[in-house]
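A look at the structure
Residues per chain are reported as follows:
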Amino acid sequence: PWGGEDKELTAHFRACGCLRKTDATLVRGDARVAGAEKGLFAVTRTFASRSVTAVAFSGKGAYPLRGAAKDLITGKMYYGSVSAEEPKTVIFEER
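Residues numbered from 1 in each chain as written. Predicted model: local features only at pLDDT ≥ 70, side-chain atom pairs only at ≥ 80, totals over all residues. Heavy atoms only, no water.

Right, let's get into the pattern of salt bridges. Opposite charge on two side chains allows them to pair when their charged atoms are near. By the definition in use, this model includes three salt bridges. By sharing partners, the salt bridges in this structure join Asp23, Arg50 and Glu93 into a single network. (Salt bridge = Lys/Arg side-chain N within 4 Å of Asp/Glu carboxyl O.)

See the structure below:
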């Protein structure tokens, strides 16, 4: 029912939407499916020499990395894999 939304989750997806509207790679980049398996869906967008990946998790899961990655919403650094303990989307740039 309306009025009982998870405020933290709503704020997270609002931030994802704002980033989608303002980041040149997310606005103009070519898109390709980077991963699709049980529990996650990943899309990488590339523009000029920059790539940004968005991984949507439907629950607990992990997406492998080639090295390190920085979450463009929270600034959190990931090493080895990007993971989530709950449904959410992580938008990152590998370093």
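Past the structure itself, the notes keep going.
The next point concerns the packing of aromatic side chains. Applying the stated criterion to the full structure yields one aromatic pair. Taken together, a centroid distance of 6.2 Å and an interplanar angle of 50° make the contact between Tyr63 and Phe92 tilted. Residue Tyr63 is found in strand E4 (residues 61–71), and its partner Phe92 is found in strand E6 (residues 88–94); the two are separated by 29 residues along the sequence. A residue is classified by how much of its surface remains accessible, and Tyr63, at 13% relative accessible area, is buried. Residue class for Phe92 comes out buried when judged on its relative accessible area of 0%. (Phe/Tyr/Trp six-rings, centres within 6.5 Å; stacked < 30°, edge-to-face > 60°. Helix = DSSP H or I, 4+ residues; strand = E, 2+ residues; numbered from the N terminus. Buried < 20%, exposed > 50% of the residue type's maximum accessible area, 1.4 Å probe, protein only.)

Before going further, it helps to examine the nonpolar core. Leu40, Ala42, Val55, Phe57, Tyr63, Leu65, Ala69, Tyr78, Val82, Ala84, Val90 and Phe92 together form the largest nonpolar core, which totals twelve residues. Only strand E2 (40–47), strand E3 (50–57), E4, strand E5 (77–84) and E6 provide two or more residues apiece to this core. If we skip the residues at most four places from it in the chain, Val55 touches Leu40, Phe41, Ala42, Tyr63, Lys88, Thr89, Val90 and Phe92. In terms of nonpolar packing, the next biggest core, distinct from the first, is built from five residues, Leu19, Leu26, Val52 and Ile91 among them. (Core = buried A, V, L, I, M, F, W, Y, C linked by side-chain atoms within 4.5 Å. Contact = heavy atoms within 4.5 Å.)

Let us look at the sheet that holds E2. The sheet built from six strands is open, its strands ordered E1-E2-E3-E6-E4-E5 with antiparallel pairing. Single-partner strands in this sheet number two, and they are strand E1 (30–37) and E5. This sheet shows a mean twist of 25° between the axes of neighbouring strands, independent of strand direction. Helix H1 (residues 7–22) contacts E2 and E6 of the sheet and is inclined by roughly 40° relative to E6. (Pairing = 2+ DSSP bridges. Axes fitted to C-alpha atoms, helices over the stretch in contact; angles between N-to-C directions.)

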